[in-house]
Amino acid sequence: MGIIGIFRSLLRGEVSSGADRKGSEDGGKTYRTGAMDVLVLGGPAMRISTVLRCVKLLSDSVAVLPMQYLRRKGDIFVPDTSSRLHYLLNVQPHPGVSAFDFWRQTVIEILLEGNAYIVPVYNPASMDIDRIVLCARGTVQHDTTNDIYTVSDADNGVYGEFDESEIIHLKGIPSESNSKRGISVITHARLTINIAETGAKETLNRFANGGNVRGFLHGSASGVRGLGSDQDEQLEKLAAKTHAGFSNGDPIQTLPKHIEFQPVSLSSTDMQFLETCKFNVREICRFFGVHPSFVFDDTSNNYKSAEMANVAFLSTTLNPLLKNIESEFQRKLIPEWRNGKNKFQFDRRSIYACDMEGRMKYLTQILGIGGATVNELRRLENMSPVPGGDTVLVSANLRNIKELNNQSIDEGKQ
């Protein structure tokens with residue numbers, strides 16, 4: 001945050017002096033969170049198992065990673081555990097909210113709404129960040145012409161006007177019409193989601209009424225004997241009676257002579273429900289960038305394919321999301337003159353070795369190349385140090401290439 005932004009925050013404290021301003025005075029575009037696609041599509045969309053699983057996978061994957069505030073120490077960056085930011089980012093960003101819930105909800109906002117707004121609130125006395133607030137959905141208006149954010153989040157105690165340097169704005173997919181706004185994933189996937197939702201409702205309806213078919217009751221070409229001139233009215237009564245019988249669970253219905261039933265509804269096989277459901281699952285996964293195996297899709301899966309799916313998820317789906325968050329925190333919370341001295345970075349090591357066998361292989365390789373000492377690796381596993389464990393070790397199979405050249409020369413002379 002710039003110097004002007006800090007002093008504006010100090011003067012505002014919990015409240016901005018321009019809290020009553022509702023938008024741009026020159027008619028600039030103002031966008032409000034909680035857009036139609038979230039309120040309408042967001043709710044029903046989360047009832048679809050594939051959407052719920054994709055959102056939960058991405059949000060939980062980010063929430064379990066430690067967000068580190070690093071400072072330069074010599075040629076490397078080390079966690080600055082004495083900083084207030086370390087506590088806020090990893091324990092409690094805001095009273096009553098854990099770091100896990102904070103990061104999980106942040107990612108959910110990015111995916112389902114396209115925009116997440118985080119306000120750092122400064123302590124007027126210490127000029128240090130006191131808390132980090134994720135604004136509730138529907139509480140932020142963004143004037144993209146003047147880059148003014150109007151916040152009315154009374155539940156979190158944050159409201160007023162903020163300029164672009166004072167608010168952390170995490171965007172999802174960039175909007176084609178305005179790059180300063182993000183578009184939610186479900187907005188782009190609304191057609192597929194609507195198909196899946198319609199299929200789910202139809203399936204529920206079929207189970208609810210026992211899979212009853214629909215059709216017409218009609219008489220033969222010569223008319224219906226015994227009904228007389230009020231044939232149409234009698235047919236309507238007969239149709240209502242037949243429908244009521246099927247709805248009440250009566251498996252067999254009788255029809256008078258010369259009355260025919262012509263079905264018009266398609267069976268589940270005709271509608272290819274199963275194939276449609278499979279298509280919907282994979283299509284939704286494409287929108288979220290999640291491999292179908294992560295949503296328990298019925299695909300052929302083995303150890304190698306699972307490993308490749310995990311690598312692809314980390315490199316093409318999760319890493320861009322993490323970098324998006326890191327870059328925005330870096331840009332808004334670290335001044336330009338501190339660039340290169342401090343930075344924000346998620347600790348990705350825990351997701352690169354998820355199972356015990358993979359983690360042991362990772363630790364062994366790190367040890368073998370001299371990337372860490374025994375005691376450093378033991379500390380990662382929360383184990384006490386051992387005597388002699390601070391020495392850097394390398395694999396005995398590796399030798400200096402100059403030694404090999406000298407050895408070849410000596411052997412040639414012999």
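Rules behind the numbers
Residues numbered from 1 in each chain as written. Predicted model: local features only at pLDDT ≥ 70, side-chain atom pairs only at ≥ 80, totals over all residues. Heavy atoms only, no water. Helix = DSSP H or I, 4+ residues; strand = E, 2+ residues; numbered from the N terminus. Buried < 20%, exposed > 50% of the residue type's maximum accessible area, 1.4 Å probe, protein only. Phe/Tyr/Trp six-rings, centres within 6.5 Å; stacked < 30°, edge-to-face > 60°. Lys NZ or Arg CZ within 6 Å of the ring centre and 35° of its normal. Pairing = 2+ DSSP bridges. Axes fitted to C-alpha atoms, helices over the stretch in contact; angles between N-to-C directions. Contact = heavy atoms within 4.5 Å. Core = buried A, V, L, I, M, F, W, Y, C linked by side-chain atoms within 4.5 Å. Salt bridge = Lys/Arg side-chain N within 4 Å of Asp/Glu carboxyl O.

(A) Structural view of the environment of P387. Mapped onto the elements, P387 comes out in the loop between α13 (374-380) and α14 (401-413). The class for P387 is exposed, based on a relative accessible area of 82%. Residues P387 and V374, 13 residues apart in the sequence, show an inter-C-alpha distance of 9.9 Å.

(B) Broad picture of the packing of aromatic side chains. Enumeration over the complete set of coordinates arrives at 7 aromatic pairs. Pairing Y117 with Y149 gives two aromatic rings, centres 5.8 Å apart and planes at 65°, and the pair type is edge-to-face. A residue pair is termed long-range when its members are at least 10 positions apart, and Y117 in strand β4 (residues 115-122) and Y149 in strand β7 (residues 148-153) qualify at 32 residues. Here Y117 falls in the buried class, since its relative accessible area comes to 3%. Here the aromatic rings of F329 and F344 are separated by 5.8 Å at their centres, their planes lie at 65°, and the arrangement is edge-to-face. You can see F329 sitting in helix α10 (residues 303-333) and its partner F344 sitting in strand β14 (residues 342-346), a full 15 residues away along the chain. Here F329 and F344 have matching classes, each one buried. Taking the ring centre of F77 as reference, the NZ or CZ of K343 above it sits at 4.5 Å.

(C) Structural context of the sheet that holds β14. If you walk across this open sheet you meet the 3 strands as β3-β2-β14, and the pairing is antiparallel. Sheet topology places β3 (76-79) and β14 at the edges, where each strand pairs with a single neighbour. Going from strand to strand, the sheet's axes swing by 40° on average, the running direction of each strand aside. Bridge count between strand β2 (residues 67-73) and β3: 4 bridges; the pairing is antiparallel. Across the sheet, L70 pairs through a bridge with P79, a residue of β3.

(D) Here's a closer look at the side chain of T317. Topologically, T317 is positioned in helix α10. T317 sits in the buried class, given a relative accessible area of 12%. Not counting residues within four places of it along the chain, the set of residues in contact with T317 comprises L58, F288, G289 and A312.

(E) Representation of the sheet that holds β4. What the 3 strands build is an open sheet, ordered β5-β4-β9; its pairing is antiparallel. Each end of this open sheet is capped by a strand with a single partner; those strands are β5 (129-134) and β9 (168-171). Across the sheet, the mean angle from the axis of one strand to that of its neighbour is 20°, orientation sign disregarded. Relative to the sheet, helix α5 (residues 99-112) contacts β4, β5 and β9, its axis offset from that of β4 by approximately 140°.

(F) Highlighting the nonpolar core. If you look at the biggest cluster of nonpolar residues, it comprises 53 residues, and the most contacted ones within it are W103, F288, V290, F329 and F344. A per-element tally of this core places α10 first, with 9 residues. Ignoring sequence-local partners within four residues, the contact set of F288 consists of V51, C54, V55, L58, L111, V185, I186 and T317. In this structure, Y117, C135, V151 and I167 belong to the second largest nonpolar core, which totals 11 residues.

(G) Structural view of the pattern of salt bridges. If you walk through the whole model with that rule in mind, you get 12 salt bridges. Here D80 makes a salt bridge to R71, at a shortest N to O gap of 3.8 Å. For D80, a relative accessible area of 13% translates into the label buried. With relative accessibility at 33%, the residue R71 sits in the partly exposed group. Residue R104 pairs with D101 through a salt bridge whose shortest N-O separation is 2.8 Å. With R104 and D101 both in helix α5 and 3 residues apart, the pair spans about one turn of that helix. Under the relative-accessibility criterion, R104 is labelled partly exposed at 30%. Overall, the relative accessible area of 35% leaves D101 in the partly exposed class. Through salt bridges with shared partners, a single network forms among E164, E328, R331 and K332.

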